[in-house]
Amino acid sequence: MSSKIIKTVFIAGSAIMVTAFAASAASIENKDSSAHTLSVTEDGVKNEIIIGANEIVTICQSGCFITMPNGDRAALSGGESVQIVDGAAIIN
Amino acid sequence: MHLFRRLISVVLLVFVATFATAQEVGEEDVKAVETITQKIEQYAKQVEAARDSDQRLVELGVEIEALEKELFNRGVKLSPRLPQIKLRLDQIGPVPEEGQGEEPKSVVDERQKLVEERGRINQLLGILEEQSIRTNQLTDTISEARRQLFTDALSRRYDITEAFSTELFTDVGDSITSLTNRIHSWWQFTWRFKSQNALLGLGGVIALTLLALLGLRKIFSGWIYRDPNMVDPSYLTRLTTASWYTILPTALTWLFFLLTYLVMSFLGVLRDDIGQILSTIFVCAAIIILVWRLTEAIFAPKLKQWRLIDVSDHAARPLKTFVVLMVVVSTADVLVTQINSIIGTSVPVTIVKSLFTAIAVGLLLISIAFLKPFDRYLDDQSLVKVAWPRTIKWLLCFAGAGLIISALSGYIGFSRFVAQQIVVTGAVIATMYLGIRTARAISEESAFVETSLGKKFLHNSRLTESGVDQLGLIVGFAVTALVLAVGLPLLALMWGFQWLDIERFVISAFTEIQIGSISLSISSILIGVVLFSLGLLLTRYFKSWLDGNILSRSRMDPGARSSITTAVGYIGVAIAGLFGVTAAGIELSQLALIAGALSLGIGFGLQNIVSNFVSGLILLAERPFKAGDIVEAGGFTGVVKVVKVRATEIETFDKKTLVLPNSEMINSAVINWMHKTALGRVSVAVGVSYDSDAQAVHDLLIEIAKDHPRVLANPEPFVDFYNFGDSALEFELRAYIADVGFSVGVKTELRIAIHQRFKEQGIEIPFPQRDVNLKVVGDSVSQVLGNAAQAAPTVIKTGKTPNLDD
């Protein structure tokens, strides 16, 4: 009986911890068959990231700007999921 | 940079002029972006101007952060339009090549407009992106400037001898006059115009506080009363009482201060400067009261049995006094600084004040270092005072001496900073220490059960005493975790870390730890563990639901039921494990790689276990026996209790549990008495005298079997006359019973019946018989017989059965 309660308490505790520290980031998925290079500005630093075909990367803990392969830009607040189709972004 | 800014302004102006008529992304957005750009430019100037003022820099930092958020929001608002435009452009299609026919003008116009809008949005987003880089640079500049200010303040050296000049006295005099003037004028004003309000408000607050005091006394006096006659209260009791002793009166005074301040400012009695001074006085007083109550609670100079820390009687009072004094000095320093900043700073006053604080704290630290706070009994009579552990003593000494020396050598800013840090850090560490002591006290064996919370648990839940005790362990652990989770970041904050840094550190600690090329994440491991545990729980519930609700109604035999639930359990564990492993961030392909590499080792090392596990699966599937069957295996006979992962548990009839590895059950012969049917045969052997009528005995045995209620009529019982034995005609009665579990009882009953009926019928069950032939050499037979008769009264069997009645 007690071990059950201990287990429940343990599980609840870890669940709370996990949710507390789950950071909200944006995920970018490349749906194309070729790799794309994105320019990402996060925390005031401009970076180029390469996303392989059908790869999903997680970026943007706290807001960022990205430039898509087709030249379109987008601002993300974190928490979005972006899909790249034919070099263009679909933001959800 | 300037050139860039100008360029942006020009571009923005052109936008406003050209695209004023645009529909979706209009003037408003352009203007907003322009405003943001201008604001950032202003902030950049302000940051440069505010390089001397830490407070202003902090404010600017906050404002810039807010602006950065606004900037992002603006960008996020603009972004979704681009995919829409792209979609529409795709729908319209590319410009037709020459000779493919003309497009309608509306299409051309729309395309033109869309392309222009797309360009505009991209340009705006580009500007925002540049500005986000700029804000980050500004934030960096601010922290750099603050760091510089801080280092300057710490490393700046003042001339102390110059501070003690006539200027000091005139400055002090001026300050006091200025302060009294301010207070006087404020008092005059208040008295003349708002005296009624003020008196009423203050009276109300005092009355309210008194009322609260009386009420609280009535309710809580038992909680905070430390009975001097009580003998040896437990640590938890001491701690709870000490907490209430500290918290309740402190909270009441704080409430009084807060109410007074609120009422006075609500009534408009407080002027700006007076309000600031008063609030600082209140805060300082509140801190002093808290520390005073806390030290009294911890050191309890007069109530030895209520003391929370094991220091001796003679050290408790000085310790308490020193700590309170230290806090009084530090808060006084804060108060004087606040007053100084309101009525105008004077360098000599600042220097002397900081010097005084640093030296006072330093001396107090050294005094504490030289206390001998512990008692040790050498024997029953003689008692020795023991000093602090050497490290603590010298640490305190060095800190105190360092403070005094640095202050005297002119590093006022540094010594004041260190003095404050020592006091505040000391307070936090002391509180954390108490918290951890509490946790330890709660986790001690049967300590939690004694508390009121534990008692409540014991009464209101189904927990047993040991369960509540284990709960105490968890509570203790949780308290420790809480103390560390609050205390460590607080310490880090006080030592100059930024909240954002701490947050980032914690998040990165929980999301990504790099060890070489391997990256681990505590959060995902935790998620994995949680998922696995949830999966196990779900499996358990599903199993009990399946067994209780579905299988019990299907009239399956218990063995099959247990097989099915066990199999379901295995599948559940496997699924939960897969989920857990995947959620923990371990890719299954990696796992396969590892498994492949290790399979040889595992193959050898875990050979037995794997073979037992597989055997267990085969047993569950094939079911040569099931739970409840009576089996003979490994030289034992017993009832199968459960088929487990590795071994089968068999309970022998003398209630021993036999744990037989599953592979053994597969590889060697197992006799199952109850396979398919529980039908069993019992056989009872009996021998009768050669004088008996064999046919009559046969019939009688059959009759006896048929008379027994448990013996089946079909298959019929039969009698096997199998041997002419040495002493008897040997028969065996074989009878079938429906449940082999009763065989022992049935056999016994049959034997009783046979004995009884044979006796009634006069059928004799003979003892073992031997014919003994004497070969006499030399002496006469009668002589030998005579000697033997004299030596012992021997019955000489002569082939005739002895009569039992003789």
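Residues numbered from 1 in each chain as written. Chains lettered and ligands numbered in written order. Predicted model: local features only at pLDDT ≥ 70, side-chain atom pairs only at ≥ 80, totals over all residues.

It is not clear to me how the overall build of chain B should be interpreted in this structure. Could you clarify?
A count of helices and strands for chain B gives 25 helices and twelve strands. Counting all 806 residues of chain B, 22% fall into the buried class. Long-range contacts, defined here as pairs at least 24 residues apart, represent 71% of the contacts in chain B between residues at least 6 apart. (Helix = DSSP H or I, 4+ residues; strand = E, 2+ residues; numbered from the N terminus. Buried ≥ 20, exposed ≤ 12 C-beta atoms within 10 Å, placed from the backbone. Contact = placed C-beta atoms within 7 Å.)

Looking at this structure, how should I read the overall build of chain A?
Within chain A, the secondary structure is distributed over one helix and eight strands. In chain A, the order of α-helices and β-strands from amino to carboxyl end is α-β-β-β-β-β-β-β-β. Across the 92 residues in chain A, those meeting the buried criterion constitute 24%. In chain A, 44% of the contacts between residues at least 6 apart in sequence involve partners at least 24 apart.

Can you help me understand the packing of helix 7 (residues 166–224) of chain B against helix 11 (residues 347–369) of chain B in this one?
The angle between the axes and the distance between the axes are what describe a pair of packed helices. Residue and element names in this part refer to chain B. At a closest axis distance of 8 Å, the pairing of helix 7 and helix 11 adopts a crossing angle of 95 degrees. When the axis of helix 7 is compared with that of helix 11, the two are roughly perpendicular. Across the interface between the two elements, E167, L168, D171, V172 and S175 of helix 7 pack against P348, V349 and V352 of helix 11. Of the residues that constitute the contact of helix 7 with helix 11, the class distribution is five nonpolar, one polar and two charged. (Axes fitted to C-alpha atoms, helices over the stretch in contact; angles between N-to-C directions. Parallel < 35°, antiparallel > 145°, perpendicular 65-115°, else oblique. Nonpolar A, V, L, I, M, F, W, Y, C, P; charged D, E, K, R; others polar.)

So what exactly am I meant to see when it comes to helix 24 (residues 743–761) of chain B here?
Counting along an α-helix, one turn takes 3.6 residues, and residues three or four places apart therefore face a common direction. Residue and element names in this part refer to chain B. For helix 24, built from 19 residues, the straight-helix expectation of 27 Å at 1.5 Å per residue is met to within 8% by its first-to-last C-alpha distance of 26 Å. Taken together, the buried positions of helix 24 are V746, L750, I754 and F758. Buried positions in helix 24, seen along its axis, are confined to an arc of 90 degrees and lie on one side of it. In helix 24, those exposed residues whose orientation departs by more than 90 degrees from the buried face are V744, G745, T748, I752, H755, Q756, K759 and E760. (Expected span 1.5 Å × (residues − 1). Arc of directions from axis to C-beta.)

For this particular structure, what's the right way to read the sheet that holds strand 5 (residues 630–633) of chain B?
Where strands meet in a sheet, backbone hydrogen bonds hold them as pairs that are either parallel or antiparallel. With antiparallel pairing, the five strands of this open sheet are ordered in space as 8-7-6-5-9 (chain B). Strand pairing shows two members of the sheet lacking a second neighbour, strand 8 (657–661) and strand 9 (671–672) of chain B, which therefore form its edges. (Pairing = 2+ DSSP bridges.)

What is the right way to look at the pairing of strand 5 of chain B in this model?
A regular strand places its side chains on the two faces of the sheet in alternate fashion. All names here are of chain B. The sheet contact formed by strand 5 and strand 6 (residues 636–643) spans four bridges and is antiparallel. Each residue of the ladder has a partner; that of V631, found in strand 6, is G638. Between strand 5 and strand 6, which pair antiparallel in sequence order, lie two residues; one of them, G634, sits at a positive phi of approximately 55 degrees. Relative to strand 9, strand 5 runs antiparallel, the two being bridged by two bridges. Bridge pairing links V631 to N672 in strand 9.

Help me understand the nonpolar core in this model?
As a rule of thumb, soluble globular proteins bury nonpolar side chains together. Core analysis: the biggest nonpolar cluster contains 46 residues, and A297(B), A358(B), V361(B), L403(B) and A419(B) have the highest contact counts within it. When contributions to this core are tallied by element, the ones reaching two or more residues are helix 8 (235–266), helix 9 (272–299), helix 10 (313–343), helix 11, helix 12 (390–408), helix 13 (412–443) and helix 16 (465–494) of chain B. Residue contributions to this core reach at least three from each of two domains, namely domain 2 (166–343) and domain 3 (412–511) of chain B. Each residue touching L403(B), except ones within four places of it in the same chain, is listed here: A358(B), V361(B), G362(B), S415(B), V418(B) and A419(B). Formed by 35 residues, the second largest nonpolar core is a distinct cluster that contains C60(A), C64(A), I66(A) and L60(B). (Core = buried A, V, L, I, M, F, W, Y, C linked by C-beta atoms within 7 Å. Domains from an automatic or database assignment.)

I would appreciate a short explanation of the sheet that holds strand 5 (residues 64–67) of chain A in the present structure.
Residue and element names in this part refer to chain A. In space, the four strands of this open sheet follow the order 3-2-5-6, with antiparallel pairing throughout. Looking at which strands have only one partner, the edges of the open sheet turn out to be strand 3 (45–51) and strand 6 (73–76). Geometrically, the sheet is characterised by an average inter-axis angle of 25 degrees between neighbouring strands, direction not taken into account. In this structure, strand 2 (residues 36–42) lies alongside strand 5, joined through four bridges in antiparallel fashion.

How should I be thinking about unusual backbone geometry in this particular structure?
In this model, N714(B) is joined to P715(B) through a cis peptide bond whose omega is 0 degrees. Following the sequence through the fold, P715(B) ends up in the loop between helix 23 (694–707) and strand 11 (718–724). With a phi close to 60 degrees, N54(A) is a non-glycine residue in the positive phi region. Note on placement: N54(A) falls in the loop between strand 3 and strand 4 (56–59). One non-glycine residue, K655(B), lies in the positive phi region at around 65 degrees.

Teacher, can you tell me more about the environment of E110(B) here?
Residues and elements named next belong to chain B. Residue position: E110 is located in helix 5 (residues 105–155). You can call E110 partly exposed: it has 15 C-beta atoms within 10 Å. When the C-alpha positions of E110 and L89 are compared, they lie 8.9 Å apart, and in sequence the two are 21 residues distant.

Mind showing me how you'd approach the pairing of strand 1 (residues 374–377) of chain B here?
Residue and element names in this part refer to chain B. Sheet topology note: the strand 1/strand 2 (residues 383–386) ladder contains four bridges and is antiparallel. Residue Y377 lies in a different strand from strand 2, and its bridge partner there is L383. Between strand 1 and the antiparallel strand that follows it, strand 2, lie five residues.

Help me understand helix 23 of chain B, please; the structure alone is not making it clear to me.
Residues and elements named next belong to chain B. Between its first and last C-alpha atoms helix 23 spans 20 Å; for 14 residues at 1.5 Å apiece the expected length is 20 Å, and the two agree. Restricting attention to buried positions, one finds in helix 23 the residues V697, L700, L701, I704 and A705. Buried residues along helix 23 cover an arc of 135 degrees about the axis, so they all sit on one side. When the buried face of helix 23 is taken as reference, the exposed residues oriented beyond 90 degrees from it are Q695, A696, D699, E703 and D707.

Whenever I open this one, the packing of helix 3 (residues 54–78) of chain B against helix 5 of chain B confuses me. Can you help?
Residues and elements named next belong to chain B. For the pair helix 3 and helix 5, the least separation of the axes is 10 Å and the interaxial angle reads 165 degrees. If you check the angle between helix 3 and helix 5, you find them roughly antiparallel. For helix 3 against helix 5, the interelement crossing comes out left-handed. Taken together, the residues of the contact of helix 3 with helix 5 break down into 14 nonpolar, six polar and four charged. (Left-handed = near helix turned anticlockwise from the far one by under 90°.)

Looking at this model, I keep getting lost on the confidence of the model for chain B. Mind explaining?
As a note on interpretation, predicted positions should not be read in detail where pLDDT is low. Residues and elements named next belong to chain B. In this model, chain B carries an average pLDDT of 82, and 93% of its residues clear a pLDDT of 70 or more. In the model, residues 16–23 has pLDDT below 50 throughout and makes five contacts with residues more than four positions away in sequence or in other chains. Within the model, the stretch residues 796–806 combines pLDDT values under 50 with nine contacts to residues more than four positions away or in other chains. (pLDDT = per-residue confidence, 0-100.)

What is the right way to read the environment of A153(B) from this model?
As for its position among the elements, A153(B) is in helix 5. Residues A153(B) and I412(B) lie 259 residues apart in sequence; the distance between their C-alpha atoms is 8.7 Å.

What am I meant to see in the environment of N672(B) here?
Residue and element names in this part refer to chain B. Note that N672 resides in strand 9. Linking N672 and K626, residues 46 residues apart in sequence, is a C-alpha distance of 9.5 Å. For N672, the contacting residues outside a window of four places in its chain are P624, F625, D629 and V631.

Please clarify how the confidence of the model for chain A should be interpreted in this entry.
All names here are of chain A. Taken as a whole, chain A shows an average pLDDT of 75; of its residues, 74% reach a score of 70 or greater. The secondary-structure element of chain A with the lowest mean pLDDT is helix 1 (residues 2–21), recorded at 53, while strand 5 shows the highest, at 87. Taken together, the stretch residues 18–23 has pLDDT below 50 and engages in twelve contacts with residues farther than four places along the chain or on a different chain.

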